[in-house]
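Reading the structure
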Amino acid sequence: ISSASQGDAKDSGFTIAPGVGYMLSDNLALEGSLGYSSAKETDAFGNDSLDQSGISLSAGVKYFFTPANAFSLSLGGGLSYGMFTDKALVAGADDVKVTAISLNVPVGLHYFVSDNFAITTTWGGLGYSTAKSDIDGADATNGFELGLDMSSISFGLIYKL
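Model, not experiment: these values are computed from the prediction.

**What to know about the overall build of the protein chain**
Regarding its fold elements, the protein chain presents 0 helices and 10 strands. Secondary structure elements of the protein chain occur, N-terminal to C-terminal, as β-β-β-β-β-β-β-β-β-β. Viewed in the frame of its principal axes, the protein chain has a C-alpha envelope of about 60 × 35 × 30 Å. For the protein chain, buried positions account for 23% of its 161 residues. Accessible area of the protein chain: about 10600 Å², with a carbon and sulfur share of 61%. Considering the protein chain, the positive charge centre built from 7 side chains and the negative charge centre built from 17 side chains are found 6 Å apart.

**A closer look at the packing of aromatic side chains**
Applying the stated criterion to the full structure yields 4 aromatic pairs. On the basis of an interplanar angle of 80° and a centroid distance of 5.0 Å, the ring pair of Tyr63 and Phe65 is categorised as edge-to-face. Judged by relative accessible area, Phe65 falls into the partly exposed class, the value being 44%. With a centroid separation of 6.2 Å and 65° between ring planes, the pair formed by Phe64 and Phe112 is classed as edge-to-face. In this pair, Phe64 sits in strand 5 (residues 48-64) while Phe112 sits in strand 7 (residues 96-112), placing the two residues 48 residues apart along the sequence. Across this residue pair, the class does not change: Phe64 and Phe112 are buried.

**Notes on the nonpolar core**
Core analysis: the largest hydrophobic core is formed by 5 residues, namely Ala29, Phe64, Phe112, Ala118 and Ile158. Beyond its immediate stretch of four places on either side in the chain, Ala118 contacts Tyr111, Phe112, Val113, Gly156, Leu157 and Ile158.

**Describing the pattern of salt bridges**
Under the definition given, this model contains 2 salt bridges. Between Lys62 and Glu31 there is a salt bridge whose closest N-O contact spans 3.2 Å. With Lys62 in strand 5 and Glu31 in strand 4 (residues 28-42), the pair connects residues that are 31 residues apart, well separated along the chain. Judged by its relative accessible area of 9%, Lys62 falls in the buried class. Accessibility expressed as a relative area gives 32% for Glu31, which makes it partly exposed. Among the ionic pairs, Lys40 bridges to Asp51, the shortest N-O distance being 3.8 Å. Placement of Lys40 in strand 4 and of Asp51 in strand 5 is noted, with a sequence separation of 11 residues between them. Its relative accessible area of 44% is what places Lys40 among the partly exposed residues.

**Examining the environment of Gly19**
Looking at where Gly19 falls in the secondary structure, it is placed in strand 3 (residues 19-23). Apart from residues no more than four positions distant in its own chain, Gly19 is found in contact with Gly32 and Ser33.

**Structural notes on the confidence of the model for the protein chain**
Note that predicted coordinates carrying low pLDDT should not be read in detail. Per-residue confidence for the protein chain gives a mean pLDDT of 88, with 98% of residues at or over 70. Across the protein chain, element-level confidence peaks in strand 6 (residues 71-86) with a mean pLDDT of 94 and bottoms out in strand 10 (residues 154-159) with 79.

**Regarding the pairing of strand 1 (residues 2-6)**
Residues in a regular strand point their side chains to alternate faces of the sheet. Little of strand 1 sits out of view: just 0 of its 5 residues are buried. Pairing of strand 1 with strand 2 (residues 9-16) involves 5 bridges; the strand directions are antiparallel. The residue bridging Ala4 from the neighbouring strand is Asp11, located in strand 2. The antiparallel hairpin formed by strand 1 and strand 2 contains 2 residues in its connecting segment, where Gly7 sits at a positive phi of about 60°.

Thresholds, definitions, all that
- Numbering of residues starts from 1 in each chain and follows the order in which that chain's sequence is written.
- For this predicted model, a pLDDT threshold of at least 70 governs which residues receive local features, and a threshold of 80 or more governs which side-chain atom pairs are given and counted, while totals over whole chains, interfaces and linings are taken from all residues.
- Side-chain metrics rest on all non-hydrogen atoms present in the structure, leaving aside hydrogens and water.
- The helix count covers DSSP runs of H or I at least four residues long, the strand count covers runs of E at least two residues long, and both are numbered beginning at the N terminus.
- Using a 1.4 Å probe on the protein chains alone, a residue whose accessible area is under 20% of its type maximum counts as buried, one over 50% counts as exposed, and one in between counts as partly exposed.
- Surface exposure here means Shrake-Rupley accessible area, sampled with a 1.4 Å probe, where a residue is shielded only by the protein chains that are shown.
- Here Asp and Glu are counted as negative and Lys and Arg as positive; His is not counted, and neither are the chain ends.
- All charge positions are set by atom: Lys at NZ, Arg at CZ, Asp at CG, Glu at CD.
- Stacked, tilted and edge-to-face are the three classes assigned to paired rings of Phe, Tyr and Trp, where Trp is represented by its six-membered ring and a pair needs centres within 6.5 Å; plane angles under 30 degrees give stacked, over 60 edge-to-face, the rest tilted.
- Nonpolar cores were defined as sets of buried Ala, Val, Leu, Ile, Met, Phe, Trp, Tyr and Cys residues, with membership established by side-chain atoms within 4.5 Å.
- Contacts are assigned to residue pairs that have any heavy atoms within 4.5 Å of one another.
- Any Lys or Arg side-chain nitrogen found within 4 Å of a carboxyl oxygen on Asp or Glu counts as a salt bridge.
- Each residue carries a pLDDT score, the predictor's confidence in it, ranging from 0 to 100.
- What makes two strands pair is DSSP finding at least two bridges between them.

What follows is the structure, encoded as structure tokens:
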């Protein structure tokens, strides 16, 4: 969930992406998730400047360095594919479809409360993304990121059968 405002300019959004995983061994897990995102922006004059929503599908693998300890560091790899719609904000204009693909190698820290249950965080890492609108002649937007700061942290729960 995100929200920011400055005067009459406002940005808000949310993503929900429940996932599942399967432990192949004590150290290695396969993961997958299905997500829904929505974002809206209003400019300083109170006019809508973005109204986007869409779904994404992600799959990945995660290696746990010390799964027998209460705290375990992990390194993962994931691939995501998303389809989003930018709603037309001008009368007579068409909605724009956007396709996005990303590859991410996040770092994680997990606290195993019991043998079967852990509180988990992931953040930063190495990432590459590309997104392209379905407009004729549109160029793709490509991005590369390397960071371990806490600005992109996510929290979750793990239940291991």
